[in-house]
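Structural characterization, general
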Amino acid sequence: MSIHAQLRAGLGAALVGSGGALSAADRLCAACVELLEVDGAAISLMHAGATQGTFGSSGALSRRLDEFQFTFGEGPCLDAVASGRPVLVGDVADRGERWPAFIRAVSDSGVQAVFALPVSIARKPVGALDLFRNRPGPLSDHGLDGGLWAAELAALPLLDLMTADVDWATAGEGGDGWEQLASLERVEVYQATGMIIAQLDVSAAEALVRLRAYAFSQGLTASEAAWAILDRRVVLDSDEAWPGRHGRRDDGTAGSA
């Protein structure tokens, strides 16, 4: 068996097993780390130009790095889906002007290269496979071929998730697949945004900007910032300094936001 055939077989084998579609997506990401000479992998689900959730990951760090793209509204995943083409960044230091917030976050995590490969269903990009590496340099031909094949495979568990237990007459009522798909949505972000709207009397768009700005200033993901607000560990202040980065914790002391 050729090396190329072994690679395809290894990636394909990751989808075989129990645990459902989300587990299969995690296994595929873990196989990418094992077979493609990368240090992390994550699969993002996209809709309307924004990431809706992390569909699979090789570990907690990769999931966190993927979520930064939602937090900052920028990154190679979004560009790969928008263009329908791979976005290959062999040295993140070269893309600081393109995605300044995202690059700062992944660099602080030790990542020096990111490769985003679109995941398509019916020829329409619906997400991306992100591969992270802790050293700079391009993907080898072997790694790129494997990454593109893995991105094709990533569509399979997503299709399983979308079509599992679907009764089209009652699809809005759920079903295992639809409930899992809905679980990818960042519900906590929208709940926290609603709290900010009520507290500060601002628009939904501005509330999300404020939440993202707080997350950026604290080195958090949007979900982590949202939980801090929902748990009332931090309250964003309404003051003229806002693009300010001012806030207060629930004990009344000042805190950056």
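What you are looking at is a predicted structure, and each value in this text was computed from that prediction instead of being measured.

Scanning all chains against the criterion turns up one aromatic pair. Seen in terms of ring centroids, Phe68 and Phe72 are 5.5 Å apart; in terms of plane orientation they differ by 5°. Their pairing is stacked. With Phe68 and Phe72 both in helix 3 (residues 60-72), this residue pair falls four residues apart, about one helical turn. Considered together, Phe68 and Phe72 belong to a single accessibility category, that of buried residues. The ring of Trp149 carries Arg8 above its face, with NZ or CZ at 3.8 Å from the centroid.

The subject of this paragraph is the nonpolar core. Taken as a class, soluble globular proteins show a tendency for nonpolar side chains to be buried jointly. Among the nonpolar cores identified, the biggest contains 31 residues, and Leu11, Leu28, Cys32, Ile43, Leu129 and Leu131 are the most heavily contacted of them. Those elements giving two or more residues to this core turn out to be helix 1 (3-13), helix 2 (20-35), strand 1 (40-47), strand 4 (113-121), strand 5 (124-133) and helix 6 (141-163). Those residues within four positions of Ile43 in sequence are excluded, and the remaining contacts are Ala25, Leu28, Cys29, Gly53, Thr54, Phe55, Gly56, Ala128, Leu129 and Ala154. With 19 residues, the next largest nonpolar core counts Ala101, Phe102, Val111 and Ala116 among its residues.

Its place among the elements puts Gln69 in helix 3. Once residues lying within four places of it in the same chain are set aside, the contact partners of Gln69 are Glu74, Gly75, Pro76, Cys77, Leu78, Phe102 and Asp130.

Burial analysis of strand 5 places eight of its 10 residues in the buried class, the great majority of the element. As paired strands, strand 4 and strand 5 are joined by nine bridges and run antiparallel to one another. Within strand 5, the residue paired with Pro118 across the bridge is Ala128. Between the antiparallel neighbours strand 4 and strand 5 lie two residues, among them Ala122 with a positive phi of about 55°.

The next thing to look at is the environment of Ala225. Relative to the helices and strands, Ala225 resides in helix 10 (residues 222-230). On the basis of relative accessible area, Ala225 is assigned to the buried category, the value being 0%. Sequence separation of Ala225 and Val189 is 36 residues, and the distance between their C-alpha atoms is 8.2 Å.

Looking at the element boundaries, Leu148 is found in helix 6. Remark: the alpha-carbon pair of Leu148 and Ala116, spanning 32 residues in sequence, is separated by 9.7 Å. Once residues within four sequence positions are removed from consideration, Leu148 is found in contact with Pro86 and Leu117.

This part takes up the packing of helix 3 against helix 5 (residues 100-108). Look at helix 3 against helix 5: their axes get within 9 Å of each other, and the N-to-C directions meet at 155°. The angle between the axes of helix 3 and helix 5 places the two elements in the roughly antiparallel class. The element helix 3 and its partner helix 5 pack so that their crossing is right-handed. Contacts between helix 3 and helix 5 involve Leu65, Phe68, Gln69 and Phe72 on the former and, on the latter, Ala101, Phe102, Ala105 and Val106. Across the contact of helix 3 with helix 5, the residue classes break down as seven nonpolar, one polar and no charged.

The next subject is unusual backbone geometry. Even without glycine at this site, Glu37 takes up a positive phi of about 60°. Of note, Glu37 is situated in the loop between helix 2 and strand 1. In this structure Glu37 comes out as partly exposed when scored by relative accessible area, which is 47%. With phi around 55°, Asp201 is a residue other than glycine that occupies positive phi space. Assessed through its relative accessible area of 71%, Asp201 is described here as exposed.

What counts, and at which threshold
Residues numbered from 1 in each chain as written. Predicted model: local features only at pLDDT ≥ 70, side-chain atom pairs only at ≥ 80, totals over all residues. Heavy atoms only, no water. Phe/Tyr/Trp six-rings, centres within 6.5 Å; stacked < 30°, edge-to-face > 60°. Helix = DSSP H or I, 4+ residues; strand = E, 2+ residues; numbered from the N terminus. Buried < 20%, exposed > 50% of the residue type's maximum accessible area, 1.4 Å probe, protein only. Lys NZ or Arg CZ within 6 Å of the ring centre and 35° of its normal. Core = buried A, V, L, I, M, F, W, Y, C linked by side-chain atoms within 4.5 Å. Contact = heavy atoms within 4.5 Å. Pairing = 2+ DSSP bridges. Axes fitted to C-alpha atoms, helices over the stretch in contact; angles between N-to-C directions. Parallel < 35°, antiparallel > 145°, perpendicular 65-115°, else oblique. Left-handed = near helix turned anticlockwise from the far one by under 90°. Nonpolar A, V, L, I, M, F, W, Y, C, P; charged D, E, K, R; others polar.

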